[in-house]
Amino acid sequence: MPIKDCKLYIVGIGPGCPDLMTVAAQQAIMESDYVIGNTTYLDQIEPLLPGKKIITSSMGEEIARARHALELASGGNTVSIISGGDSGVYGMAGIVLEIAEKDGADGDGGAETGTQIQVIPGVTAANAAASILGSPITSDSASISLSDLLTPWEDIEKRIAGAAASDFVIVLYNPKSRNRNTNFGRCIEIVRRHRSGSVPVGLVKNAYRDGERAVVTTLERVLDYDDFVDMHTTAIIGNSESRIWGERIITPRGYHRKYDY
Ligand code: SAH
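Heads up: these notes are all about the structure in this document. (Residues numbered from 1 in each chain as written. Predicted model: local features only at pLDDT ≥ 70, side-chain atom pairs only at ≥ 80, totals over all residues. Heavy atoms only, no water.)

## Describing the overall build of the chain
Just so we agree on the cut-off: Strands here mean DSSP runs of E at least two residues long; helices mean DSSP runs of H or I at least four residues long; both are numbered from the N terminus. Only the C-alpha atoms count toward the radius of gyration. The rule for a globule is 2.2 Å times the residue count to the power 0.38. Using a 1.4 Å probe on the protein chains alone, a residue whose accessible area is under 20% of its type maximum counts as buried, one over 50% counts as exposed, and one in between counts as partly exposed.
Along the chain, the regular secondary structure elements total seven helices and 13 strands. Its C-alpha atoms give the chain a radius of gyration of 20 Å, within 12% of the compact-globule value 18 Å for 261 residues. Judged by the C-alpha coordinates and their principal axes, the chain covers about 55 × 40 × 35 Å. A burial count over the chain gives 47% of its 261 residues as buried.

## Looking at the pattern of salt bridges
Let me state the cut-off plainly: Salt bridge, as applied in this entry: a Lys or Arg side-chain nitrogen positioned within 4 Å of an Asp or Glu carboxyl oxygen.
According to the stated counting rule, one finds six salt bridges in the structure shown. When the shortest N-O distance is used, the salt bridge between Asp226 and Lys176 registers 3.0 Å. A residue pair is termed long-range when its members are at least 10 positions apart, and Asp226 in the loop between strand 10 (213-218) and strand 11 (233-237) and Lys176 in the loop between strand 8 (169-173) and helix 7 (183-192) qualify at 50 residues. Looking at Asp226, the relative accessible area reads 24%, which means it is partly exposed. Look at Lys176 and you get buried, because its relative accessible area is 5%. The closest approach of N and O atoms between Arg221 and Asp224, which form a salt bridge, is 3.0 Å.

## Looking at the packing of helix 3 (residues 62-74) against helix 4 (residues 92-102)
In plain terms, the rule: Lines fitted to the C-alpha atoms define the axes, with helices restricted to the stretch that makes contact. Angles between their N-to-C directions range from 0 to 180 degrees. Any angle from 65 to 115 degrees is called roughly perpendicular, while one under 35 is roughly parallel, one over 145 is roughly antiparallel, and all others are oblique. Definitions for this section: a left-handed crossing has its near helix turned counterclockwise from the far helix by less than a right angle. A right-handed crossing has that turn clockwise. Note on contacts: a residue pair qualifies if any of its non-hydrogen atoms lie within 4.5 Å across the two residues.
Where helix 3 contacts helix 4, the two axes come as close as 9 Å, and the packing angle between them is 60 degrees. Judged by the angle between their axes, helix 3 and helix 4 are oblique. Helix 4 is crossed by helix 3, and the crossing has right-handed handedness. Contact residues: helix 3 offers Glu62, Ile63, Arg65, Ala66, Arg67 and Leu70, while helix 4 offers Met92, Ile95, Val96, Ile99 and Ala100.

## Digging into the packing of aromatic side chains
Selection rule: Centre distance within 6.5 Å is the pairing criterion for rings of Phe, Tyr and Trp, where only the six-membered ring of Trp is used; planes under 30 degrees apart are then read as stacked, over 60 as edge-to-face, and the remainder as tilted. We call a charge positioned over a ring when the NZ of a Lys or the CZ of an Arg lies within 6 Å of the ring centre and within 35 degrees of the ring normal.
Evaluated as defined, the whole model comprises two aromatic pairs. Ring geometry for Tyr255 versus Tyr259: centroids 6.4 Å apart, planes at 35 degrees, classification tilted. The ring of Phe228 carries the charged tip of Lys205 above its face, separated from the ring centre by 4.4 Å.

## Notes on the sheet that holds strand 13 (residues 248-250)
In plain terms, the rule: Criterion used throughout: strands pair if DSSP finds at least two bridges between them.
The strand order 6-13-12 describes an open sheet built from three strands, whose pairing is mixed. Of all the strands in the sheet, just strand 6 (134-135) and strand 12 (243-245) have a single pairing partner and so form its edges. Pairing of strand 6 with strand 13, which is carried by two bridges, proceeds in the parallel orientation. Paired with Gly134 across the bridge in strand 13 is Ile249.

## Considering the site of the ligand
The condition is simple: Nearness is defined per residue: one heavy atom within 4 Å of the molecule or strand is enough. Under this definition, polar contacts are N or O atom pairs within 3.5 Å; protein pairs additionally need one hydrogen-donor-capable and one acceptor-capable atom, and for neighbouring residues in sequence, both atoms have to be side-chain atoms. Accessible areas in this description were obtained via Shrake-Rupley with a 1.4 Å probe; residue shielding takes into account the shown protein chains only. Here a cavity means grid points, on a 1 Å grid over the protein atoms only, where a 1.4 Å probe fits yet cannot get out; a pocket means an open set of points with protein on both sides within 12 Å along at least five of seven lines; lining residues are those with an atom within 4 Å of a point. Think of it this way: if more than half of a molecule's atoms are within 2 Å of a pocket's grid points, that molecule is in the pocket or cavity. Ten residue types, Ala, Val, Leu, Ile, Met, Phe, Trp, Tyr, Cys and Pro, are classed as nonpolar, four, Asp, Glu, Lys and Arg, as charged, and the remainder, Gly among them, as polar.
Around the ligand, a shell composed of 19 residues is seen, among which Val89, Thr124, Met231, Thr233 and Thr234 lie nearest. Residue Ala207 places a main-chain N or O atom 2.8 Å away from a nitrogen atom belonging to the ligand. Thr233 is positioned with one of its backbone polar atoms (N or O) 2.7 Å from an oxygen atom of the ligand. For the ligand, the accessible surface in isolation is 550 Å², of which the surrounding protein chains cover 92%. When atoms are counted within 2 Å of each cavity's grid points, the one that captures over half of the ligand is the largest pocket. Classifying every residue of the shell around the ligand gives nine nonpolar, eight polar and two charged.

The analysis is restricted to geometry; functional conclusions fall outside its scope.
Structural data, given as structure tokens:
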């Protein structure tokens, strides 16, 4: 994919291992004078960083980080601001574009106002976790973040109930954090009201990086693994047709309805 001549790249670097970073993401970082991100993500791309000016920032400092990136880019520097996975999935793309919009930049890549912004996609945790589990999201799915830091919990509950009632496969991001230990259990309780206990659930921790572990279980057993689930885990709850095959989960696409095989 050709990269446009642009000053600010919002880069998704994938789930953790260099092989799962896109060539476009690597090119954007290599072209940049500045690379901005939190230390976990910068560690993941260390081999690309020699010679770069590095700006580290902590979780929770996303607004300051986004502003800083825009300022450096409008000052004539080429800048990459980094997110894990895909930068548009609970990542930095939203807040950077929101601030650029607020600052009065145009939304056409910034050609008129100077700072050009390009979002470079990455392999998101849903895809990374799904590949380890087999094919759990081969039918319609809904992604829900259980973090209620920026979204009211009542809204999250409504979305869980809606997705569960509509038989979507459900991908859970941010199932837990240090301060939010109960959200995962509450979510499972809501899904159980709509879905049989035998429905498969996959839990993937640290997909494609050190400490990778996966568990395949069912909706009625998943809370036995409550301690396993942490902020580095993605959970995938199957739909009513999903099934367990050995250590994998298959969600049929629907070929069986049309073909003999
Ligand atoms: N932008 C990221 C998501 C950020 S939200 C992406 O597209 O993947 C952070 C959540 O993503 C974590 O709480 C976890 O649920 C999930 N996650 C990110 N990387 C992961 C990985 N390597 N393995 C499992 N889950 C991961």
